[in-house]
Each structure stands twice: as structure tokens, then as C-alpha cells.
Amino acid sequence: MTPPVFLVDDTADLAAATVVLTGAEGRHAAVVRRIRAGETVDLSDGRGERARCTVVEVGRDSVVCEVGERWHEPAPRPRLTVVQALPKGDRGELAVEMMTEAGVDVIVPWAAERCVTRWKGDRAAKSLAKWRATAREAAKQARRGRLPEVTDLAGRDDVAALLFAADPAVVLHEDAAVRLSDVAVPDGDRVPHGDGGVVLVVGPEGGFSDAELDTFTRAGAEPALLGPSVLRTSTAGVAALSILQVRSGRW
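Since the model is a prediction, treat every value here as computed from it, not as a measurement.

### Brief notes about the overall build of the protein chain
At step 1: From N to C terminus, the protein chain includes six helices and 11 strands.
At step 2: Taking 251 residues into account, the globule formula puts the C-alpha radius of gyration at 18 Å, and the protein chain, at 20 Å, falls close to it.
At step 3: With the principal axes as the frame, the protein chain shows a C-alpha extent of 60 × 45 × 30 Å.
At step 4: The proportion of buried residues among the 251 residues of the protein chain is 47%.

Given below as C-alpha cells:
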């Protein structure tokens, strides 16, 4: 079984011989996970730097780790971005959790016209913080060395700009004539640096408006069918990511 992953803060130096895990992560490791001296753990900065360590000392809210091996995990290619329309209730966090476990690189919360949920004022900041915290915890659970980026809330024009730079750009739509599994996806070994990556748009429960579909197709997006059944907006993203991971050779 792979060792558990803990995230270090910006002040930690993974190049040092010994790293002390403190703060919330230190308390989680010592109290919740009950890490003990002699156990093996991985420390990560969430940006690809990783160190395999042996725990040498455990305090009430800290863990002292002796570094044995270090490596860098390059960013996977092509980059996979999912534009996720805001689901109702806690289904947004569910979508973020599952997509993070499935290897998404960027999650873009999107305020679609037909979204029931609206992020406004204090609620917007709290909801975005929840999505980011969910991505962080899911990445640790999945033993990822890189945290997915959860961007600020996007509008229609923001999404169109992402689609314009993408290759391919895909909008999941139940009436599409092309299946997602048939969409051409670049092999990760032959993706040029600086590309816009793959961008996938998952619409709201009420579907896309005509104006949204028109804007996205004019930006270069191709409507694609996920499968014969209609999935919830909170589960469509992880199903689509599984296809893209295989098609791109990342899995």
C-alpha cells in the first residue's frame, strides 16, 4: 500500500534532511491518522515536489520526518480542464471530490443561466473555499503529488475564452451526434508546451441555453454525447474524465 500523503506549507523545505509537519496537517497526522514513529509517509508541496520520509518523532500537533528520497512529478499532459456548472446543494463538493480522484487538473465553477444555485456575496466566497478544500483533501486521499486548481467563478465569456484556446474543446450534450469516446484527443507525449489542453464543459441540470450553446460552438467547442443515459451534472464530469484519461494515454 502506498504511504499516506501530507501537504507541507510554503515555509517547509523538502530539500532538507528533516522536515517538521506542523499546523493543521501536523495535527491531522498525529491525532486523526495516529501516525507513529517508524512509519513511512510522503510529503508534498502540491506542485509536484515530493519526499518519502520516515517518521522519527510525533508530538501533539507535529510530526518530525526524516527524508529518504525526493522526486519531482511533472505536470500530466494534456492538461484536463472541466468547466462545471454549479450543482444544487452539496453535489458541487461531490463533483469536485470525484473529479479530483479521477485526475482532473483544473476545475472551473461556472454560473450557467439555468443553474438553480447562485454564488453571490459571502456565499460565493464560502462555496469556493469549500470546493478548494474538497479538492485538497481528495488529492491527498488519491495520493496525488499535484493539487488541482479550482479557479474563481466563471461566466459565459470566460468559458468561451477557455474553449477557444483548447484542443479539443467539448461540450457534453445529450443530443450530440458524436460520442465523446470518438472525439480526437492528443496523445500526452506529443502535446506542445503552452497548449490550452482539453477543456470539457458540463452543463447544469436544466441544460444549456441556446445562447450558451451558440457562444460555445462559435468558440470552437464540439458537442459530444457521453452515453445512452443522462447523468447528473455532478457525476457527468467524472465519467467524461475517465474517457479522456484513456483516450489521451494518461491512464
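### Describing the sheet that holds strand E5 (residues 63-72)
At step 1: Ordered by their spatial adjacency, five strands build an open sheet running E1-E3-E4-E5-E2, and the pairing between neighbours is mixed. Strand pairing shows two members of the sheet lacking a second neighbour, strand E1 (5-7) and strand E2 (18-21), which therefore form its edges. On average, each strand axis in the sheet is inclined to that of its neighbour by 40 degrees, with strand direction left out of account.
At step 2: Most of the contacts of helix H1 (residues 23-32) go to E1, to which it runs at about 155 degrees, and overall it touches E1, E2, strand E4 (49-58) and E5.

### A closer look at the domain arrangement of the protein chain
At step 1: You can read the domains of the protein chain as domain 1 (5-72) and domain 2 (80-248).
At step 2: Spacing between the C-alpha centres of domain 1 and domain 2 amounts to 32 Å.
At step 3: If you look at the interface, domain 1 gives 10 residues, while domain 2 gives seven residues.
At step 4: Contact between domain 1 and domain 2 buries roughly 810 Å² in total, counting both sides, with carbon and sulfur atoms accounting for 46%.

### With respect to the nonpolar core
Buried together is how nonpolar side chains tend to be arranged in soluble globular proteins.
At step 1: Core analysis: the biggest nonpolar cluster contains 50 residues, and Trp110, Leu163, Val201 and Phe216 have the highest contact counts within it.
At step 2: Discounting residues that sit within four places of it in the chain, leucine 163 has contacts with Ala169, Val170, Val199, Val201, Phe216, Ala219 and Ala221.

### Things to note about the UniProt feature "domain: Ribosomal RNA small subunit methyltransferase E PUA-like" (unreviewed entry) in the protein chain
At step 1: In this numbering, the UniProt entry assigns the feature "domain: Ribosomal RNA small subunit methyltransferase E PUA-like" (unreviewed entry) to residues 21-67.
At step 2: In residues 21-67, the share of helix is 21% and the share of strand is 45%. The end C-alpha atoms are 12 Å apart.

### Quick word on the packing of aromatic side chains
At step 1: In total, this model carries four aromatic pairs according to the counting rule given.
At step 2: Ring geometry for phenylalanine 208 and phenylalanine 216: centres 6.4 Å apart, planes at 90 degrees, overall edge-to-face. Per residue, the accessibility class of phenylalanine 208 equals that of phenylalanine 216, and both read buried.
At step 3: Connected via pairs of aromatic rings, a cluster forms that spans Trp110, Phe208 and Phe216.

### Considerations on the pairing of E5
At step 1: As defined by bridge partners, E2 adjoins E5 across four bridges and the pair is classed as antiparallel. What sits directly across from leucine 21, in E5, is valine 63.
At step 2: Here nine bridges tie E4 to E5, and the two strands are oriented antiparallel to one another. Bridge pairing links valine 58 to valine 63 in E5.
At step 3: What sits between E4 and E5 in their antiparallel hairpin is a turn of four residues.

### Notes on H1
At step 1: Residues Glu25, Gly26, Ala29 and Ala30 constitute the buried set of H1. Each buried residue of H1 lies within a common arc of 120 degrees when the element is viewed along its axis, so the set occupies one face. Along H1, exposed side chains directed more than 90 degrees from the buried face belong to Ala24 and Val32.
At step 2: Looking one or two places after H1, you find arginine 34, whose phi comes out positive at around 55 degrees.

### As for unusual backbone geometry
At step 1: Cis geometry is found at the peptide bond from arginine 77 to proline 78, where omega equals -5 degrees.
At step 2: Counting through the fold element by element, proline 78 comes out in the loop between E5 and strand E6 (80-85).
At step 3: Of note, the bond from aspartate 167 into proline 168 is cis; its omega dihedral lies within 30 degrees of zero at 0 degrees.
At step 4: One non-glycine residue, arginine 34, lies in the positive phi region at around 55 degrees.

### Concerning the packing of helix H4 (residues 156-165) against helix H5 (residues 210-218)
At step 1: Taken N-terminus to C-terminus, the directions of H4 and H5 make an angle of 30 degrees; their axes are 9 Å apart at the nearest point. When the axis of H4 is compared with that of H5, the two are roughly parallel. Relative to H5, H4 is oriented so that their crossing is right-handed. Together, Arg156, Val159, Ala160 and Leu163 of H4 and Ala211, Glu212, Thr215 and Phe216 of H5 make up the contact between the two elements.
At step 2: Within the contact of H4 with H5, the residues separate by chemical class into five nonpolar, one polar and two charged.

The rules behind the values
- Residues numbered from 1 in each chain as written.
- Predicted model: local features only at pLDDT ≥ 70, side-chain atom pairs only at ≥ 80, totals over all residues.
- Heavy atoms only, no water.
- Helix = DSSP H or I, 4+ residues; strand = E, 2+ residues; numbered from the N terminus.
- Rg over C-alpha atoms; globule rule 2.2 N^0.38 Å.
- Buried < 20%, exposed > 50% of the residue type's maximum accessible area, 1.4 Å probe, protein only.
- Pairing = 2+ DSSP bridges.
- Axes fitted to C-alpha atoms, helices over the stretch in contact; angles between N-to-C directions.
- Contact = heavy atoms within 4.5 Å.
- Domains from an automatic or database assignment.
- Buried area = accessible area lost by both parts, 1.4 Å probe.
- Core = buried A, V, L, I, M, F, W, Y, C linked by side-chain atoms within 4.5 Å.
- UniProt positions renumbered as here; feature names shortened; annotations may be inferred.
- Phe/Tyr/Trp six-rings, centres within 6.5 Å; stacked < 30°, edge-to-face > 60°.
- Arc of directions from axis to C-beta.
- Parallel < 35°, antiparallel > 145°, perpendicular 65-115°, else oblique.
- Left-handed = near helix turned anticlockwise from the far one by under 90°.
- Nonpolar A, V, L, I, M, F, W, Y, C, P; charged D, E, K, R; others polar.

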